[in-house]
Amino acid sequence: MTFPGLKGSTGQRKGFAGSVRGFRAYMARNWSLYAMLTLPLLYFFIFSYLPMVNVQLAWRQNNVFASVWDVPWVGWDNFERAFSLSPFRDAIRNTLMFSFLDLAIGFPAPIVLALLLNELKMPRFKKVTQTISYMPFFLSWIIISGLAINLFSTSTGAINNIIVGWGGSTVPFLNSNTHWVFTNVFLNVWRTVGWSTIIYLAAITNVNPELYEAAEVDGASRLRKMWHVTLPGIRPVIVILFILTLGQIMGADLARFIAMENHLVRGVAEVIPTFTFRWGLQSMQFALAAAIGIFQSVIGMFLLLSANYAVRKLGGQGFW
Amino acid sequence: MVKGSIAPAPRRKSRFRKTTTGDIVIIGFMLVLIALCILPIMNVVATSFSSPGAIIRQEVVFLPVEFHVGAFADVLSDSRFMWSLAWTGILTAIVVVVNLIMTILCAYPLTYMSLKGRKLISFLIIFTMLFSAGLIPAFVLFRDLNLLDNPLVLILPGMISVFNMIIMRNFFMGIPDSLKESAEIDGLGPFRILIYIYLPLSTPVLATIGLFYAVGRWNGFQDALFFLSGAPQWHPIQLLLYNILQNIVAVDALDPGATAAPGWGTSVQAAAIVIAMVPILCVYPFIQKYFVQGATLGAIKG
């Protein structure tokens, strides 16, 4: 070790001409970096890239037992079959429906909450409110479904107990399609609304305080300041998050739907990931489910790249 | 009343006047929000501590009725449940250590701008965020690797989250280069610079990401659902809870409004939910500030 670092820091700046001696010196200094990367790269190779070899299943006959390579090719049959299945078309419809409902209800909610939290004058109360509002985000969907059963079930649910106690009739929050959809969307908002304010509140602290003072001098009311100063101030963040959310409309959180569903609402609870799970693993339709997986991955990649491109066009930083 | 200099006084006064109505509305709104967050928890806790009779008579709302701890005794004496709880704890500890080491090993070398092949390596890693082969190809691979019904399947496939890795890399890149350079002059190699300089300065990000992994593992169940169907002894607590809860969903759905619903089963299920929830509820107020840091770190630089 003869001052390898000293040479390194000057050499690194200039870049290497590519001579053998340069390369040797470079490796002598940096071999440990590559050594560190070995395990992570092996990890990505095995668990992210090796499965891509099995993607060929989508174009082969369904055979659960034989090796992937031994099964005959069938062209695009599996894709055609998937799209001819009405349960799959329903799953696509449901996925899009939930994405749009989440967007319509779940997207504005944290913005409103952040604006209101920002107006809260008592710092301690604000802190407590924030801490409590983050709590649901830490609960798993299984726990949330348990809470939902306790609250909303028609036989022992607290809400229905109250409704019946006041002389009303039970509401099938979890047992009828429409009710279940809105219960589910509401629970998702409940889970994420507090947590999602973090990014907006961080953006609000970056709004120039002089703008508020100027607005005040002009006699702007509180609401007007929220509307004309705070909202425009965080608009870039809103736009970026909106685009990134749009980039995920073909996705759905499997845990959310697996945990919340029951057989009475299967018609609206089946989304693409749950369909893949049920048909692929439970009914052993590997080829069909692999084809659906490819369909979803390709669409997802296209949407993500578009979203990322749009965000960068707008001057923001994308996912990476 | 009006005191001091002229400029601040009117503002203070005007702000004071606006405070009343607006603030009351906002405080009221926040109180509703707090209630919405806390009441579901109170409800399940109340159910878990109520007698089955009271539950069947639909008397339980937010406070226990006919206080009893029988349901907890039942759950805590269930060896399968307790084992699952212990196993999930062990698993979470292992996952945090393994994932942190792997994430550091991945993030740190990528902070060296001069690293040859850095761009290609970064691309290959980020590409895995964009395109995944999907469930079935992974399932077939795990079958070939003998990972099905093997507890390692809960650890190995999720060792590095690219998102967390990027957060960590960005944090490392925020550490001044001058520290690295002076260490290099002292003859320290990259690995020792990592151990003696970067890691001690990175406790906030290490805590954040370690906790991300911990909460993710404690709450996760999909991998066990997919890949451990034949090995229920390795099911983490959430999957066991899912299986416990699925029964009541079926019962409730088959028999809507039935007063003969199993009160005992309901209170036992509530107790199981409470027990699985308690670790997270105890820990999250202390760790949420790290999470906030993580969320904003990821958002600003990610």
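These figures come from a predicted structure and were not determined experimentally. Within each chain, residues carry numbers counting from 1 in the order of the written sequence. Written order decides the labels, with chains lettered from A and ligands numbered from 1. Restriction of local features to residues with pLDDT of at least 70 applies here, the model being predicted, together with a cutoff of 80 or more for giving and counting side-chain atom pairs; totals for whole chains, interfaces and linings are based on all residues. The side-chain figures draw on all heavy atoms in the structure; neither hydrogens nor water molecules are used.

**Quick look at the overall build of chain B**
Think of it this way: any DSSP run of H or I at least four residues long counts as a helix, any run of E at least two long counts as a strand, and we number them from the N terminus. Summing up its helical and strand segments, chain B has 13 helices and zero strands in all. The order of helices and strands in chain B, counted from the N terminus, is α-α-α-α-α-α-α-α-α-α-α-α-α. Residue exposure (1.4 Å probe, protein chains only): buried if accessible area is under 20% of the type maximum, exposed if over 50%, otherwise partly exposed. In chain B, which comprises 302 residues, the share counted as buried stands at 51%. Considering only contacts within chain B whose residues lie at least 6 apart along the sequence, 70% involve residues at least 24 apart. Note on definitions: a residue-residue contact is assigned when non-hydrogen atoms from the two residues lie within 4.5 Å.

**Some details on the overall build of chain A**
Secondary structure assignment for chain A yields 15 helices and zero strands. We compute the radius of gyration over the C-alpha atoms and compare it with the globule rule, which gives 2.2 Å times the number of residues raised to the power 0.38. For chain A, whose C-alpha radius of gyration is 27 Å, the value lies well above the compact-globule estimate of 20 Å for 320 residues. C-alpha extents for chain A along the principal axes are approximately 85 × 70 × 35 Å. Looking at chain A residue by residue over its 320 residues, the buried ones come to 53%. By sequence separation, contacts in chain A at least 24 residues apart represent 62% of the contacts at least 6 residues apart. What sets the accessible areas is the Shrake-Rupley method with a 1.4 Å probe; for residues, cover comes only from the shown protein chains. Of the roughly 15000 Å² of accessible surface on chain A, a fraction of 66% belongs to carbon and sulfur atoms. Counted as positive: Lys and Arg. Counted as negative: Asp and Glu. His and the chain ends are not counted at all. By convention, charge coordinates are those of NZ in Lys, CZ in Arg, CG in Asp, or CD in Glu. Each charge class in chain A can be summarised by its mean position, and for the 24 positive and 13 negative side chains these summaries are 13 Å apart.

**A few points about a nonpolar patch on the surface**
Residues and elements named next belong to chain A. On the surface, a nonpolar cluster with roughly 300 Å² of combined accessible area is contributed by L39, L42 and F45. With respect to the element layout, F45 can be found in helix α2 (residues 20-53). Relative accessible area serves as the criterion here: at 47%, F45 is assigned to the partly exposed category. To count toward a patch, a residue needs a relative accessible area above 30% and no salt bridge. Like charges then connect within 9 Å, nonpolar side chains (Val, Leu, Ile, Met, Phe, Trp, Tyr) within 5 Å. What makes a salt bridge here is a side-chain nitrogen of Lys or Arg within 4 Å of a carboxyl oxygen of Asp or Glu, nothing more.

**Thoughts on the packing of helix α7 (residues 141-152) of chain A against helix α9 (residues 177-205) of chain A**
All names here are of chain A. An axis is simply a line fitted to the C-alpha atoms; with a helix, the fit covers only the stretch in contact. Between two such axes, the angle follows the N-to-C directions and lies from 0 to 180 degrees. Where α7 meets α9, the axes come as close as 12 Å, and the angle between the chain directions of the two elements is 125°. In terms of orientation, α7 and α9 fall into the oblique class. For the crossing formed where α7 meets α9, the hand is right-handed. Here W141, I144, L147, A148 and F152 of α7 come into contact with α9, specifically with T183, L187, N188, W190 and R191. For the contact of α7 with α9, the residue count by class is seven nonpolar, two polar and one charged. Each angle is binned into one of four classes, with values under 35 degrees roughly parallel, values over 145 roughly antiparallel, values of 65 to 115 roughly perpendicular, and all other values oblique. Crossing handedness is defined as follows: a turn of the near helix away from the far one that is anticlockwise and smaller than a right angle gives a left-handed crossing, while the clockwise case is right-handed. Following the grouping adopted for this structure description, the nonpolar residues are Ala, Val, Leu, Ile, Met, Phe, Trp, Tyr, Cys and Pro, the charged ones are Asp, Glu, Lys and Arg, and the polar ones are all others, Gly among them.

**Let's talk about the environment of I94 of chain B**
Tracing the sequence through the fold places I94 of chain B in helix α4 (residues 79-107). Expressed as a C-alpha distance, the spacing of I94 of chain B and A271 of chain B, which sit 177 residues apart in the sequence, is 27 Å.

**Quick look at the interface of chain B and chain A**
Across the boundary between the two partners, chain B contributes 110 residues, which contact 103 residues of chain A. Two parts lose some accessible area (1.4 Å probe) when they are put together, and adding that loss for both gives the buried area. Interface area, chain B with chain A, both sides summed: about 9700 Å², of which 74% is carbon and sulfur. Among the residues of chain B in contact with chain A, K116, L130 and I136 of chain B are the three that bury the most area, contributing 7% of the side total. Linking chain B with chain A are one salt bridge. Between N or O atoms, a polar contact is any pair within 3.5 Å; within protein, one atom must be a potential hydrogen donor and the other a potential acceptor, and residues adjacent in sequence are included only when both atoms are from side chains. Across the chain B-chain A interface, the total number found is 15 residue pairs in polar contact (both at pLDDT 80 or more).

**Here we look at the packing of helix α3 (residues 77-84) of chain A against helix α4 (residues 86-106) of chain A**
In helix packing, the relevant descriptors are the interaxial angle and the interaxial distance, both defined with respect to the helix axes. All names here are of chain A. At their nearest, the axes of α3 and α4 sit 5 Å apart, and the two run at 75° to each other. With respect to α4, the axis of α3 lies roughly perpendicular. Listed contacts from α4 to A82, F83 and S84 of α3 are S86, F88, R89 and I92. Here the contact of α3 with α4 is built from residues that sort into four nonpolar, two polar and one charged.

**Some points on the packing of aromatic side chains**
Ring geometry is summarised as follows: Phe, Tyr and Trp rings, the Trp one being its six-membered ring, pair when their centres sit within 6.5 Å, and such pairs are stacked at plane angles under 30 degrees, edge-to-face over 60 and tilted between the two. According to the stated counting rule, one finds 39 aromatic pairs over all chains in the structure shown. Note on Y43 of chain A and F44 of chain A: the rings are 5.1 Å apart at their centroids and 65° apart in plane angle, and the pair reads as edge-to-face. Look at Y43 of chain A and you get buried, because its relative accessible area is 6%. By the ring-pair criterion, three or more aromatic residues cluster together here, those being Y43, F44, F47, F277 and F286 of chain A together with F139, F142, F226 and F227 of chain B. The lysine or arginine in question, R60 of chain A, covers the ring of W73 of chain A, its NZ or CZ lying 3.8 Å from the ring centre. Lysine NZ or arginine CZ positioned within 6 Å of the ring centre and within 35 degrees of the ring normal marks a charge as sitting over the ring. Across from the ring centre of Y26 of chain A, 5.2 Å away, lies the NZ or CZ of K116 of chain B, which sits over that ring.

**Quick notes on helix α10 (residues 209-217) of chain A**
The periodicity of an α-helix, 3.6 residues per turn, causes residues three or four places apart in sequence to face the same way. Residues and elements named next belong to chain A. Residues of α10 that are buried include every one of Y212, A215 and E216, and no others. Angular distribution of buried residues about the axis of α10 spans 100°; they occupy a single face of the element. For α10, the exposed residues lying more than 90 degrees away from the buried face are E210 and V217. For α10, the N-terminal capping position is held by N208, with its side-chain oxygen 3.0 Å away from the main-chain nitrogen of E210. Directly after α10, the chain includes G219, whose backbone phi takes a positive value near 80°. Our arc is simply the arc of the directions from the helix axis toward the C-beta atoms.

**Quick word on unusual backbone geometry**
Residues and elements named next belong to chain B. Positive phi outside glycine occurs at E66, with the angle close to 50°. With respect to the helices, strands and loops of the structure, E66 is situated in the loop between α2 (52-56) and α3 (70-76). We classify E66 as partly exposed; its relative accessible area is 44%. Although it is not a glycine, N146 sits at a positive phi angle of roughly 60°. Structurally, the position occupied by N146 is in the loop between α6 (135-144) and α7 (162-173).

**What about the confidence of the model for chain B?**
Segments scoring low in pLDDT should not have their predicted coordinates read at a detailed level. Residue and element names in this part refer to chain B. Confidence in the prediction of chain B, expressed as mean pLDDT, is 84, and 85% of residues score 70 or more. Within chain B, the lowest mean pLDDT, 68, falls on helix α12 (residues 237-254), and the highest, 95, falls on α4. Scored below 50 in pLDDT, residues 248-261 makes 26 contacts in the model with residues more than four places away or belonging to other chains. Model confidence for the complex: the whole-complex pTM is 0.86, and ipTM, which rates the interface, is 0.86. Each residue carries a pLDDT score, the predictor's confidence in it, ranging from 0 to 100.

**A word on the side chain of S140 of chain A**
With respect to the element layout, S140 of chain A can be found in the loop between α6 (123-134) and α7. Separated by 2.6 Å, the side chains of S140 of chain A and Q238 of chain B make a polar contact. Those residues in contact with S140 of chain A that lie beyond four places of it in its chain are N219 and Q238 of chain B.

**Some remarks on the pattern of salt bridges**
A full pass over the atoms with the stated rule returns 11 salt bridges over all chains. For R143 of chain B, the salt bridge is made with D144 of chain B, and the minimal N-O distance between the two is 3.7 Å. Residue R143 of chain B is classed as partly exposed on the basis of its relative accessible area of 24%. Close ionic contact of R217 of chain B with D223 of chain B constitutes a salt bridge, the shortest N to O distance being 2.8 Å. According to the relative accessible area criterion, R217 of chain B is buried, its value standing at 7%. Three or more residues joined by partner-sharing salt bridges are found here, namely E261, R266, E270 and R278 of chain A.

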